[in-house]
Amino acid sequence: MAGLRARLGSGLGLLALSTLGLCLMLQVGAKRPPKTPPCPPSCSCTRDTAFCVDSKAVPRNLPSEVISLTLVNAAFSEIHDGAFSHLPLLQFLLLNSNKFTLIGDNAFTGLSHLQYLFIENNDIWALSKFTFRGLKSLTHLSLANNNLQTLPRDIFRPLDILSDLDLRGNSLNCDCKVKWLVEWLAHTNTTVAPIYCASPPRFQEHKVQDLPLREFDCITTAPSAVHCKPMVVDSQLYVVVAQLFGGSYIYHWDPNTTRFTKLQDIDPQRVRKPNDLEAFRIDGDWYFAVADSSKAGATSLYRWHQNGFYSQQALHAWHRDTDLEFVDGEGKPRLIVSSSSQAPIIYQWSRTQKQFVAQGEVTQVPDAQAVKHFRAGRDSYLCLSRYIGDSKILRWEGTRFSEVQALPSRGSLALQPFLVGGRRYLALGSDFSFTQIYQWDEGRQKFVRFQELAVQAPRAFCYMPAGDAQLLLAPSFKGQTLVYRHVVVDLSA
């Protein structure tokens, strides 16, 4: 028994030693640190820093523990979105002395711990307002010695705790685009090194921080003609140009210089936002009327007198008028004013008062965008386009208009009747579907659908005979202006 016990004890001891050896091997394996990625050939790395020279791209295989990265003399020029997102612990980033020209909107996304960012001595001309989005911990930012001429408004707004900013050595153009910067510098708690203007000449070498805000005249308007109308008065050519911005004017053609010269302004307090223009003669006198679509203006009538046009009458104030149509029938000149806020108004000319007098409303169409008219036989018709709802064809019955036809329309801002030879057509444009061409059916006294035209968002239609060609011009708001030719095909031949 003693011998057996000794042999068993020895066996158990060997088993115990084997088990202990296995445990030691497992423990050693468990404590082995993960394999560190190799440092890129263009970089010098320590455990938490990397210094890279002549890199062809932002290094992707750096240790994720890197908190400091320096890139100099890089062999690429653009930093794209998310370029550093694989280094979420980064606190210090230096991108000096490179040839960077473009930095993407979200180039620094994912760097929520970044505190120091230096982008100096590069060739950056402009930045996006979203360049620094996501840098909530940034305290020091330097953009010194680049070619920045302007900065997007509120570019520094995402930098909540920015304490130091350096913009020196840039060619800032101190125009209205940097007015916001002057205002920001006056109120920010960030320490900003002195910045100087490179242009315009009157501000050259001036410190941006010292520029007076009153020097910035930043409320500007850009000409935006919505209508022009030629008139020949006493053998002289005049053109009235109505513009949304920049004022409306009357020009006179000078045959000696073969140029138009400005004759006079149209009162901007009266005509604030013109939308349409009509010129016409009544009893030998020339007039023009401008539909005003602003809340504060009024549709206005002007009359030619000796050497200029003078205000004759204010019509339909504060109704956002959209279109005018002059109709001279039965010896009674009328002006029809359409509005987006109420039914079209009919004004009739009073020869004793020398002005238009309201005669009534076209009650069948409460919100016409535009109004056009035509004659067929002895009857007069109105074509009223609507943006939402059916456009309408109305016939004058002597004392009122009656509805003849409703045309399905959605997004319609243009409805134009025109005559080609003996054929009468109607073009109905739309922002949401094809333009519909209708032809007048004399027997039924209605328009019937004739053809579709692929015009994007037409704003007008103009019929123009050109020699043997009969042309229809369709200016587009969203695409190209298209020209269609009227062709008659004899199918019996």
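Keep in mind it's a predicted model, so treat the numbers as computed, not measured.

(A) Examining the overall build of the protein more closely. Across its full length, the protein carries 2 helices and 35 strands. The C-alpha atoms of the protein give a radius of gyration of 38 Å, which is well past the 23 Å a tight globule of 493 residues would have. In terms of principal-axis extent, the alpha carbons of the protein reach across some 140 × 70 × 45 Å. Scored against the burial criterion, the 493 residues of the protein give a buried share of 42%. When the accessible surface of the protein is summed, it comes to about 26,600 Å², and 53% of that surface belongs to carbon and sulfur atoms. Separation between the mean location of the 50 positive side-chain charges and that of the 44 negative ones in the protein comes to 7 Å.

(B) Representation of the domain arrangement of the protein in the model. Parsing the protein into structural domains produces domain 1 (40-217) and domain 2 (225-458). Centre-to-centre separation of domain 1 and domain 2, based on C-alpha positions: 55 Å.

(C) Local environment of the environment of F118. Of note, F118 is situated in strand β7 (residues 116-118). For the pair F118 and D166, spaced 48 residues apart in the sequence, the C-alpha separation amounts to 9.2 Å. In this structure F118 touches F92, L93, L94, L95, N96 and S142, once residues within four positions along its chain are discounted.

(D) Looking closely at the pattern of salt bridges. Applying the stated criterion across every chain, the model contains 10 salt bridges. A salt bridge links D285 to R303, with the nearest nitrogen and oxygen atoms 3.2 Å apart. In this pair, D285 sits in strand β18 (residues 285-292) while R303 sits in strand β19 (residues 298-305), placing the two residues 18 residues apart along the sequence. A salt bridge links D367 to R386; its shortest N-O distance comes to 2.8 Å. Taken as a pair, D367 in the loop between β24 (355-361) and β25 (370-376) and R386 in the loop between β26 (379-385) and β27 (388-396) lie far apart in primary sequence, 19 residues in all.

(E) A look at helix α2 (residues 179-187). Looking at α2, one finds that the buried residues are W180, L181, V182 and L185. Contacts from the buried residues of α2 go to β10 (172-173) and β11 (191-192).

Scoring rules and cut-offs
Residues numbered from 1 in each chain as written. Predicted model: local features only at pLDDT ≥ 70, side-chain atom pairs only at ≥ 80, totals over all residues. Heavy atoms only, no water. Helix = DSSP H or I, 4+ residues; strand = E, 2+ residues; numbered from the N terminus. Rg over C-alpha atoms; globule rule 2.2 N^0.38 Å. Buried < 20%, exposed > 50% of the residue type's maximum accessible area, 1.4 Å probe, protein only. Areas by Shrake-Rupley, 256 points an atom, 1.4 Å probe, with all protein chains shown as cover. Lys, Arg positive; Asp, Glu negative; His and termini not counted. Charge placed at Lys NZ, Arg CZ, Asp CG, Glu CD. Domains from an automatic or database assignment. Contact = heavy atoms within 4.5 Å. Salt bridge = Lys/Arg side-chain N within 4 Å of Asp/Glu carboxyl O.

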